[in-house]
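# A look at the structure
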Amino acid sequence: MTAPIESDIDIWDDDILVDPYPTYAALREQASVVHLPKNELYVLTRYDAIRNALSDPAAFSSTSIGFNPMVNEALQGTSLASDPPTHTQLRATLSQNLTPRALRGLKVVIDEKADKLVAELATSGSFEAIDALARAFPIEIVADLIGFSGHVKDNMLRWGQAAMQVIGPLNQRTQESFPIAGELYGWCSSVTADDLTPGSIGRGIFDAETRGDIPAGSAGHIIHQYLGAGVDTTIASIGNIVALFGHHPDQFELVREHPELVPAAFAEVLRYWAPVHIWGRKATRDVEIDGVTIPSGAQLGILFGAGNRDPRHYEAPDTFDVKRNPVDHLSFGYGPHGCAGQGLAKLEAHAIIEALARRVKSLTLSEEVREPSNITRSFEVLRVEKVVAA
């Protein structure tokens, strides 16, 4: 039994959260598994170690995806924080509305909304990309999809951000977000089918509960996941698309000239800047990774962004290349807990990239602000100083 290499960093240090990539590289060069005593964590840093752990729920349980006991307790019974066979049943209902077939009818609506929004921004001269695009677009899509309206739609951004923050350790960000996440949790505990628009996916989940396809009382939990797990990460990804196209005009020009590169471009955005900083697992027994033993009961932190830049797996990993097409990136997770909403996320992001490629000739960025955040890595402000319409 070999004890793992240690590092004295705090993975939730503000500077690391704003730009984690130098730290990811340093940890990855140390070992596949690095013990962080300050965080009471064993972090996985390399591509193969991460992918193997994600595909082994028997050894690495999802009952501890969060980094504080309160959030793990609150998430019990959800598909995010359960293992097979419970996970399999809950996941089936969550996923059946998110299959390519189920989403096919949405594609036209999503493409039209993206085109209309981007066309308006393209002729505006300049715009702030986070509020006007990265937030506005997914919130409208998800609200329509689940059947939210009124105060719920108004609170989606606050609730979605808080639901991700509280997955972190018991730092100030987590503590300030608990009351807001509690509002979401309270609403999801009391929501009924009548609160949701007829014909929406939200209504369909309640129908599944009525039929007995999922356990009684779990419809609200599943709706919680659409809102808690899906909104903040998609906002982060759309902001990252705009920023990376602004930083790499040659790559944007390639997508404009070759629209068939759109799916590859989004995969590369997700690989290059992972929207999720860290995610938890718990070792159910002593597990050996690359000759190092992780003790039973240990809390793991999975660093998707470190794995996505592993030179053992990707050539020139620090280069943003829209032709790379890294379909095996780790940003959607992997294995039984691979992101259930990835089909919807791709529809939204592809629609935005296609619209940008069609409607925008060039964009020049000025102000870029990232705020430290426990789990999601996104821009708070991203100003497009000058946009030239195509």
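Residue numbers restart at each chain and count upward from 1, following the sequence in its written direction. With the structure being a predicted model, the display of local features is reserved for residues of pLDDT at least 70 and the display and counting of side-chain atom pairs for 80 or more, all residues being used for whole-chain, interface and lining totals. Excluded from the side-chain calculation are hydrogens and water; included are all heavy atoms of the structure.

By the naming in an unreviewed UniProt entry, the chain goes by Cytochrome P450 and is assigned to Arthrobacter gyeryongensis.

## Describing the overall build of the chain
Helix numbers and strand numbers start at the N terminus; a helix is a DSSP run of H or I with at least 4 residues, a strand a run of E with at least 2. Counting its regular elements, the chain contains 15 helices and 11 strands. Against the 2.2 N^0.38 benchmark of 21 Å for 390 residues, the chain shows a C-alpha radius of gyration of 20 Å, consistent with a compact globule. Structurally, the chain occupies a C-alpha span of about 60 × 50 × 35 Å along its principal axes. Within the span of the chain, comprising 390 residues, buried residues form 56% of the whole. The contact rule is simple, with two residues in contact once any of their heavy atoms fall within 4.5 Å. Restricting the contact set of the chain to residue pairs at least 6 apart, pairs at least 24 apart contribute 72%. Counting 33 positive and 50 negative side-chain charges, the chain places the averaged centre of each group 5 Å from the other. With the radius of gyration taken over C-alpha atoms, the globule rule is written as 2.2 Å times the number of residues to the power 0.38. Relative accessibility thresholds used throughout: buried, under 20% of the residue-type maximum; exposed, over 50%; partly exposed, between the two (1.4 Å probe, protein chains only). His is not counted, nor are the chain ends, whereas Lys and Arg count as positive and Asp and Glu as negative. Think of each charge as sitting on NZ of Lys, CZ of Arg, CG of Asp or CD of Glu.

## Observations concerning the environment of glutamate 29
For glutamate 29, the position within the fold is in helix H2 (residues 21-30). Separated by 16 residues in the primary sequence, glutamate 29 and threonine 45 place their C-alpha atoms 8.7 Å from one another. Not counting residues within four places of it along the chain, the set of residues in contact with glutamate 29 comprises Arg46 and Arg312.

## Concerning the packing of helix H6 (residues 100-122) against helix H15 (residues 342-359)
Only the stretch in contact is used when a helix axis is fitted, and all axes are lines through C-alpha atoms; the angle between N-to-C directions ranges over 0 to 180 degrees. Their axes nearest at 8 Å, the elements H6 and H15 cross at an angle of 35 degrees. The interaxial crossing formed by H6 with H15 has right-handed handedness. Contacts between H6 and H15 involve Leu103, Leu106, Lys107, Ile110, Asp111, Ala114, Asp115, Val118, Ala119 and Ala122 from the former and Gly343, Leu344, Leu347, Glu348, Ala351, Ile352, Glu354, Ala355, Leu356, Arg358 and Arg359 from the latter. Take the far helix as the reference: if the near one is turned anticlockwise from it by less than a right angle, the crossing is left-handed, and if turned clockwise, right-handed.

## Remarks on the packing of aromatic side chains
Classification of ring pairs uses Phe, Tyr and Trp, with its six-membered ring standing for Trp, and accepts pairs whose centres are within 6.5 Å; under 30 degrees between planes counts as stacked, over 60 as edge-to-face, and the remaining range as tilted. Across all of its chains, the model carries nine aromatic pairs by this definition. Between tyrosine 47 and tyrosine 314, the ring centres sit 5.8 Å apart and the planes meet at 90 degrees, which makes this aromatic pair edge-to-face. Separated by 267 residues along the polypeptide, tyrosine 47 in helix H3 (residues 47-54) and tyrosine 314 in the loop between helix H14 (304-308) and H15 bring together distant segments of the chain. Here the two residues tyrosine 47 and tyrosine 314 agree in accessibility, since each one is buried. Geometrically, the ring pair formed by tryptophan 159 and tryptophan 187 is tilted, given 6.1 Å between the ring centres and 35 degrees between the ring planes. With a gap of 28 residues between them, tryptophan 159 in helix H8 (residues 150-165) and tryptophan 187 in helix H9 (residues 172-190) connect regions that are remote in the sequence. Take tryptophan 159 and tryptophan 187: they sit in the same class, and that class is buried. Stacked on the ring of tyrosine 21, the Lys or Arg arginine 309 has its end atom at 3.9 Å from the ring centre. Charge-over-ring placement is defined geometrically: NZ (Lys) or CZ (Arg) within 6 Å of the ring centre, and within 35 degrees of the ring normal. Sitting over the ring of phenylalanine 379, arginine 370 keeps its end group 3.8 Å from the ring centre.

## A short note on the sheet that holds strand S5 (residues 127-128)
If you walk across this open sheet you meet the three strands as S5-S11-S10, and the pairing is antiparallel. The sheet terminates laterally at S5 and strand S10 (360-370), the two strands that pair on one side only. In this analysis, strands are considered paired if DSSP registers two or more bridges between them. Direction of pairing for S5 relative to strand S11 (residues 379-389): antiparallel, over a ladder of two bridges. By the bridge assignment for S11, glutamate 128 is matched with arginine 383. Across the sheet, helix H7 (residues 129-146) touches S5 and S11, and the angle it forms with S11 is around 100 degrees.

## Regarding the sheet that holds strand S1 (residues 5-6)
Strand order in this open sheet of six strands is S1-S2-S3-S9-S6-S4, and the pairing throughout is mixed. The sheet is open, and its two borders are formed by S1 and strand S4 (60-61), each paired with just one other strand. Looking at chain direction, S1 and strand S2 (residues 33-36) are connected through two bridges and run parallel. Note that in S2 the partner of isoleucine 5 across the bridge is valine 34. H3 contacts strand S3 (41-44), S4, strand S6 (279-283) and strand S9 (299-302) of the sheet and is inclined by roughly 110 degrees relative to S3.

## A word on the nonpolar core
By nonpolar core we mean a set of buried residues, namely Ala, Val, Leu, Ile, Met, Phe, Trp, Tyr and Cys, connected to one another through side-chain atoms within 4.5 Å. Membership of the largest hydrophobic core comes to 132 residues, with the highest contact counts inside it found for Ile11, Leu44, Phe148, Trp187, Ile278, Ile294 and Leu356. Here the element with the most residues in this core is helix H11 (residues 219-247); it accounts for 13 residues. Setting aside anything within four residues of it in sequence, one finds isoleucine 11 in contact with Ile16, Leu17, Leu27, Leu36, Asn39, Leu41, His277, Ile278 and Leu303.

## A closer look at the state of the cysteines
Two cysteine sulfur atoms make up a disulfide if the distance between them is within 2.5 Å. Scanning the model with the defined rule gives zero disulfides in all. Free of any disulfide, cysteine 188 has its nearest neighbouring cysteine sulfur in cysteine 339, separated by 17 Å. According to the relative accessible area criterion, cysteine 188 is buried, its value standing at 7%.

## Looking at H9
Helix length check: H9 (19 residues) gives 28 Å between terminal C-alpha atoms against 27 Å at 1.5 Å per residue, within 8%. The sharpest bend along H9 comes to roughly 40 degrees, located at phenylalanine 178, with the proline proline 179 sitting one to four residues further on. Burial in H9 covers these residues: Arg173, Thr174, Ser177, Ala181, Leu184, Trp187 and Cys188. Those residues of H9 that are buried lie in contact with helix H1 (14-18), H8 and H11. What a helix should span is 1.5 Å times the count of its residues minus one. The quantity called bend is, for any residue, the angle between two axes fitted respectively to the seven residues ending at it and the seven beginning at it.

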